[in-house]
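# Secondary and tertiary structure notes
The lines below spell out each chain.
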Amino acid sequence: MSGGIQPIRGMNDVLPAEIGLWQHLEAALRELAAAYGYEEIRVPVVEHTELFKRSIGEFTDIVEKEMYTFSDQGGDSLTLRPEATAGIARAAISNGMLRGQKHKLWCIGPMFRHERPQKGRYRQFHQFDVEAIGFEGPDVDAELIVMMARLWRVLGLTRVRLKLNSLGTPESRAAYRDKLVQYFRGHEQALDADSRRRLGGNPLRILDSKNPDMQALIAGAPLIVDHLDAASSEHFGALQAALRAAGVDFSIDPRLVRGLDYYSRTVFEWTTDALGSQDAVCSGGRYDGLIAHLGGEPTPAIGFAMGIERVVELLRQAGTVPAAHMPDVYIVAQGTRAVSAGLALAERLRDELPRRRIAFGAGGGNFKAQFRRADRSGARLALVIGDSELERGVVAVKNLRGEANQIECPMSEVGTRLEAALKE
Ligand code: ATP
Ligand code: MG
């Protein structure tokens, strides 16, 4: 690395060589959301710290240790968003979008968490986020899941599996919570420091622990599915029936509790065996209590977030995505007059062939150097203009791919000739 200013650890540049994968995925996501009738929403990257504390919950990894929080010049405590749901719920409240209305929304953008950077885990990462606000489910719960099942199909990703669970209502969860506390209190010596702290705050989060030493204890804990209230049980059953009818495979993971505090009933996670330990590619759940908790009219809602970097990596592994778009034609010009003629020709061709990509080889250099750049650009054809071509009112058209050949054609006919050659 050079001696200049360093990038922030865990915050990555996406370089032109990789951008093709990103654009391919982003285009697929936009099409997917549109196909299901979801509308895009864009919310700020920074919110009042209080929003995340209140919505994500004090006893979560995110709020306890992962937030980028700072005071601005006016002394307000602000935080770079670690996830999108809180901001979208806030936006629905601030913009008067509730009062019995329903909204199907999506957004895409950067999120920030101060985690230990490693493959698949970054401090700035991107999410595709979908929220259905005002829907009680379980039909919309199923819709969100079939939407993602379709995405994996469209992208040709096969190594993705769905896990489901239900967290019940806050009331049924409170009863379960008591049982869980009782269980873990009985094994208090076996708890690690994190879990001991969570025992008082949010004991369900202990089930989320990734500490290998805790797994045996967690395996013996009472299961939330055995403590669901009747309505949640019915909701969960109907969701499973809808998924079976839609042909979506799933397994029930009674220990799936998710990292965030505000979930109720449905929770789900798509994982993959292709990414090592950072195996979650998409997760979400129902948050019927969140909007009221933030001061809005009580409104049921469900959403999920997909990690773009992890899915980009799956696409890279699958190797099925074409590289970034290459130019069709690259214009090589040498000599002051030829360069301005080349620039004018490029503009004319962009008018005549609006769907073609015309790259102008700015930057000078001899023909050899320019051809090297033309070749590297991936263009199929080069147009060559020098003094001699200019005098005769022609340009040379050179094939850069396959059989090498070069023909001359009158300036006035370049557009039609190019289109014909590119169609071959
Ligand atoms: P994990 O268990 O991997 O920490 P999480 O439960 O914290 O994930 P969510 O908050 O549900 O994840 O975010 C949804 C998705 O965003 C995850 O499934 C994952 O694909 C992606 N994601 C979360 N944190 C990161 C990160 N630090 N870097 C890259 N992607 C991430
Ligand atoms: Mg996490």
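Please read these numbers as outputs of a predicted model, since none were measured by experiment.

In space, the eight strands of this open sheet follow the order β1-β5-β6-β11-β10-β9-β7-β8, with mixed pairing throughout. If you trace the sheet from one side to the other, it starts and ends with β1 (39–40) and β8 (251–252), each paired once. Relative to strand β6 (residues 124–133), strand β5 (residues 103–112) runs antiparallel, the two sharing 10 bridges. Residue pairing across strands places Gly109 opposite Gln127, the latter belonging to β6. Strand contacts of helix α9 (residues 230–245): β7 (160–166), β8, β9 (264–272) and β10 (280–286), with the helix running at about 160 degrees to β7, the strand carrying the most contacts.

For the structure shown, the criterion picks out 27 salt bridges. The salt bridge partner of Glu40 is Arg42, with a shortest N-O separation of 2.8 Å. Judged by its relative accessible area of 31%, Glu40 falls in the partly exposed class. Among the residues examined, Arg42 registers a relative accessible area of 69% and is labelled exposed. Between Asp194 and Lys65 there is a salt bridge whose closest N-O contact spans 3.9 Å. Within this pair, whereas Asp194 is found in helix α7 (residues 193–201), its partner Lys65 is found in helix α3 (residues 61–66), the two being separated by 129 residues in sequence. Note on Asp194: relative accessible area 29%, which makes it partly exposed. In this structure Lys65 comes out as partly exposed when scored by relative accessible area, which is 47%. A cluster of three or more residues bridged by salt bridges with shared partners is formed by Asp61, Glu64, Lys65, Asp194, Arg197 and Arg198.

Analysis parameters
- Residues numbered from 1 in each chain as written.
- Chains lettered and ligands numbered in written order.
- Predicted model: local features only at pLDDT ≥ 70, side-chain atom pairs only at ≥ 80, totals over all residues.
- Heavy atoms only, no water.
- Pairing = 2+ DSSP bridges.
- Helix = DSSP H or I, 4+ residues; strand = E, 2+ residues; numbered from the N terminus.
- Contact = heavy atoms within 4.5 Å.
- Axes fitted to C-alpha atoms, helices over the stretch in contact; angles between N-to-C directions.
- Salt bridge = Lys/Arg side-chain N within 4 Å of Asp/Glu carboxyl O.
- Buried < 20%, exposed > 50% of the residue type's maximum accessible area, 1.4 Å probe, protein only.

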